Amino acid sequence: MGLRGGPGRLWHRGRRALRGRRAWVWAAALLAALLVFPLVGRAYQVALGLALLADVALASAWALFSGPTRYLSLAAAAFYGVGAYTTALVGAGVAWPAPIVAGAAAGALLSLPVGLLALRLRGPYFAILTFGLSELVRHTVIWYESNVTGTVGRVLVLPLERRTLYWSVLVIAALAVSSAILLRRSRWGLALAAIGGDEERAEVLGVRPVGVKVAVFALSAALMGATGAAMAPRWTYIDPQVAFNPLISFQVIIMALLGGVGRPAGPVVGALVLGLLSELFLLQFRYAYMMVLGTVLILVVLGLPHGVVGWRAEERTEDLVRRLRWAIARRIPRRFAMRRQHQLFIGGEWQDGPGGRTFPDVNPATGETFTRIAAADAETARRAVEAAERARTEWGELQPGVRAGIVLKAAQIWERRHEDLEQMLTTETGAVRAKAGFEVGYCTDLIRQAASLPYQATGEVAPSNVSGKINYFMRKPVGVVSVISPWNFPYILTLRAVAPALALGNAVVLKPSEETPLAGGLLVGEVFEEAGVPPGVLNVITCARSEVQEVGDVLVTHPAVGVVSFTGSTATGRALAEKAGRHLKRIVLELGGKSPLIVLEDADLDLAVNAAAFGGFFHQGQICMAATRILVEHSLADTFASQLVEKLGTLRMGDPSDPQTAIGPITSPTQLEKIRAHVDDAVAKGAKVLIGGHARGPYFEPTLLTGVTPEMRCYHEETFGPVVALTSVKNADEAVRLANDTSYGLSAAIITGDPKRGMALAERIQSGIVHVNDSTVHDEPHAPFGGIKGSGLGRHGGRAAIEAFTEIRWMSLQTERRHYPFDR
Amino acid sequence: MNLALLADVAAGGLLLGGLYALIAVGLNLQYGLMRVLNVAHGEFLMLGGYLTYLLHVGLGMDPLLSLVVSAPVIFAAGVGVHALVYRRLLRQERTREELEANSLLISFGLLFILQNGALLIFSADIRGYQYLDRPLRMLGTVFPANRVVAFVTAAVVTALLFVFLRRTLTGAAVRALMQDPVGARLIGVRVARVHALCFGLGAGLAAVSGSLLSMLFELTPFVGLPYTITALVVIILGGLGSVGGSLLGGLILGVVEALGVYFTAPDLRMVISYAVLALVLVLRPYGLFNTLAHRPGQSERA
């Protein structure tokens, strides 16, 4: 590759720096050209530029309102005309820019009656009424002029330079385009798009259509009025037939539609193309040109529904509901939203909690409650289990292909929604961008993998000791699966149980952690609902901390529940397992860990440091398989320690939505308190802090301790935070001994230059998972994931999921008459 | 207040209203069937008028007789337009609102093409001829004979249309399709064919009204749009999609307009026309008589 050094590398860097900012470079260049143009252009060219800019302003202003809402306004001529007339009336009396402001005001003022009257109607009615009102204005002006002043029209002489006009219109056009850009991503734009998609639904979801519509309609009219006012001084005689010509309305629509109203650039492109064509051909081939214009309009409507700009990136209408929901939940302010809380999903319906109770969902980075979640109680949980019980039979009997199809569809939806899913993870758990992106991407694969399971639930045909008997060992769904998921990797740890359980024909009741009711539960419910999972097959109940225990009890003890999948702390897991045992329920537990990372003296130091930094501090160490104990052979210990400290010093801590951030906030205040207690306890008992050790607001610094002894809490207990204990060991044997000196046994890692030796050591470590020459933190959808000792029971993932979520049944067929001892 | 004069004015309005009704019935047939609001309706009317003018002035054919030529020709043109444009549009799976909006845009395109085509061929000059321009004494007042003839012809054509819709199998198919597109499809109505027929019929009816109007008023390529607006007012008065409503709406508008102009000033005719349109849309957007389900603002699948 020729990019190693010299100019090639510079070029490469330059390109990288510009990538993504190219649009801005273009915009700046264009603006500069537009500003210089009237100084160097000839008079004719300046006049042409003026006309084109006016077209751009009008088309953008029209598309501002009519684009997203699909309200086809035919009143552009009225707003343009009223602006022009304003200049004719006040222009001579005041200084120049004032008539433009007056024209804008006149346009906005006229838009109020027009909007209030017409915006109650939809479709062609709205178009016709706006056309009618526009024509009414035109004819009233004509009638007024001819009756009151005696002549139609009036003389208008404003001694203005062409350049002044040009710059005025340039400012208006820039205003129109920039409002279109700003509107596109703003709450108002989303509300407008929602109105355009399905007004009634938007209203139900909490958009107030009248206010939004009238306001944006007025803004669009004001811009058109300003354009009219700024263009009027070109005429020496203002004729209402010309100023209010309905052709203006049509031309504006054709321009906007030709370019495409899906993006702000559409109307601009359309206006430039059509404006230039008009300028070139309109006067020369008047009627023929108009015929071509009509043909273009028809062809655009038939063949280019999204315009020239939208040619490649057609907006999918199904996305609209998603955007709308997203808008309601996140961007549209409270006063717009009637639905202020997220509901439970039971039996295919979204419903409030009992008594309308809710609990707050808090953004850990800001501490603000960003939404409220419906709170379920034990009775709700019972209803959810019963809904699942009703739905299970039909779902379990569906052909595997159908179930696989629905799960695959969920994977597609998941992939399509990745942006807002990532956003939610950052908001709800404080996950940094890299973690959110990783987790959401991983889940797409996870769901896809689950979609392969329906076909893998195979059984056996076995021989028999009885002649003529055929034994079938068949895999059948267990029925209802309860899933209780944690908050640290809400998507993965929820979906790895929910998706296979569903795919294998079970109905599921899901209870996410109270820290992540959306990411761990309701969003998953939304995705599978959209994918077409029948009502009752997936139920999501969320509850506040005070109800967790009683709700969890129902999910374990209800007679209809067949299997419980729990991921969380060892203490809770133990309690649930006791209950499950009493009720003879199968339970799959994935609990805490105290995973060791062993660095042998022949290790690649760079790899070891990176694996340790990632394993110990990714997602602030809030990972069950986090490498919380690093055991380094003593010859390497000092270098390793200094390099790891240096590495940790470079990790940026802060706003998780900033892509540069590596360390985000701790997800809950309780958790933060626990981490602090562990570190203080260790320090008090003689541990040495190599780096970090302090909480900063909701954050906790990446902390590296040495000298951690068995008396300290963080030696045995799971800290679940960015706290890692570094221990120097004499040799590999001691490393293994210390690694096994824990009640946990989830993951482990060994870094060594000798892979064979690594595998041999791996055999001796007591854990469910060992990775040689990698970090402790690693998972794949089809791998049997789980721990031994205090880290859990059973496995998730791949074939293990089939074991976990199906029941093996023995059925047999006797094909010839069998002789029983009682036979005579 | 002279009551007799008022009755005169009203009766004159009624005669013109008959023509309005004929224009509107055609437009409404198209809308009721396809949800296609054809703003170029008036252009078909204008073409019909020019055809009659050419036949009468060029070949000396009686204007009334020229209907036999102009109606089928424009009917064929309507069927052609349907095949070229609307069939494609209707084939796209869209929501009803989108369909209505798009068809509106397409008909604006048609309007541009037809109007400017006519301008190219006939130029913008005002054309006209004299036909039956003599007074006719009837029911105690005097009417211009051509208006009476036009009204009677319009009434006959409308009656024929009603007979067609009520008494023939094809007419039944049309009505079935208006009431329930899916049901009609299920019992075997060939939708595309009925659509083509009705679009042609609408255009043909416009041509008949154009021919009749050319006996009364002068022609320019611009006459189309005002009549389209008139027809829109009428069908909104009578209810979009209701053919009977248009008939009544046409007569009402004729009288209202005549009285309005009589009480104010002739140059306010367009203002009154648009004011009535706006008023009706604001107060009774789904028609004066229409109590049926179709109301604007509902979004449903087309």
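A few points on the structure.

What counts as what
Residues numbered from 1 in each chain as written. Chains lettered and ligands numbered in written order. Predicted model: local features only at pLDDT ≥ 70, side-chain atom pairs only at ≥ 80, totals over all residues. Helix = DSSP H or I, 4+ residues; strand = E, 2+ residues; numbered from the N terminus. Buried ≥ 20, exposed ≤ 12 C-beta atoms within 10 Å, placed from the backbone. Contact = placed C-beta atoms within 7 Å. Axes fitted to C-alpha atoms, helices over the stretch in contact; angles between N-to-C directions. Left-handed = near helix turned anticlockwise from the far one by under 90°. Nonpolar A, V, L, I, M, F, W, Y, C, P; charged D, E, K, R; others polar. Pairing = 2+ DSSP bridges.

### What to know about the overall build of chain A
(1) Moving on: Helices and strands together make up the secondary structure of chain A, namely 30 helices and 25 strands.
(2) Moving on: Buried residues in chain A amount to 52% of all 824 residues.
(3) Moving on: In chain A, the share of contacts with a sequence separation of at least 24, taken over all contacts with a separation of at least 6, comes to 73%.

### Side note on the packing of helix H3 (residues 63–91) of chain B against helix H8 (residues 191–216) of chain B
Residues and elements named next belong to chain B.
(1) Moving on: At a minimum axis distance of 6 Å, the contact between H3 and H8 shows a crossing angle of 140°. With respect to the hand of their crossing, H3 and H8 are arranged in right-handed fashion.
(2) Moving on: Residue composition of the contact of H3 with H8, grouped by class: 21 nonpolar, 10 polar and one charged.

### Here's the deal with the interface of chain B and chain A
(1) Moving on: With 36 residues of chain B at the contact, the number on the chain A side is 35 residues.
(2) Moving on: Listing elements by their share of the side of chain B that touches chain A, those giving two or more residues are H3, helix H4 (96–122) and helix H11 (269–283) of chain B.
(3) Moving on: Sort the elements by how many residues they give to the side of chain B that touches chain A and H4(B) lands first, with 17 residues.

### Concerning the sheet that holds strand E17 (residues 688–691) of chain A
Residue and element names in this part refer to chain A.
(1) Moving on: Ordered by their spatial adjacency, seven strands build an open sheet running E17-E20-E21-E16-E15-E22-E23, and the pairing between neighbours is mixed. Two strands bound the open sheet, and with one partner strand each, they are E17 and strand E23 (771–772).
(2) Moving on: With two bridges joining them, strand E22 (residues 749–751) and E23 adopt parallel strand pairing. The residue bridging Ile750 from the neighbouring strand is Val772, located in E23.

### Section: the pairing of strand E13 (residues 561–567) of chain A
Consecutive residues of a regular strand have side chains that alternate between opposite faces of the sheet.
Residue and element names in this part refer to chain A.
(1) Moving on: Burial analysis of E13 places seven of its seven residues in the buried class, which makes it a mostly covered element.
(2) Moving on: Inspection of the sheet shows strand E10 (residues 480–484) paired to E13 by five bridges, in the parallel sense. Bridged to Val481 within E13 is Val563.

### A few points about the sheet that holds strand E9 (residues 469–477) of chain A
All names here are of chain A.
(1) Moving on: Taken in spatial order, the three strands line up as E8-E9-E25 in an open sheet, and their pairing is antiparallel. The outermost strands of the open sheet, each flanked by one partner alone, are strand E8 (460–462) and strand E25 (806–814). With strand direction ignored, the average angle separating the axes of adjacent strands in the sheet is 25°.
(2) Moving on: Two strands pair when backbone bridges link them, and E8 and E9 are joined in this way by three bridges, in the antiparallel orientation. Across the sheet, residue Val461 finds its bridge partner in E9, namely Tyr472.

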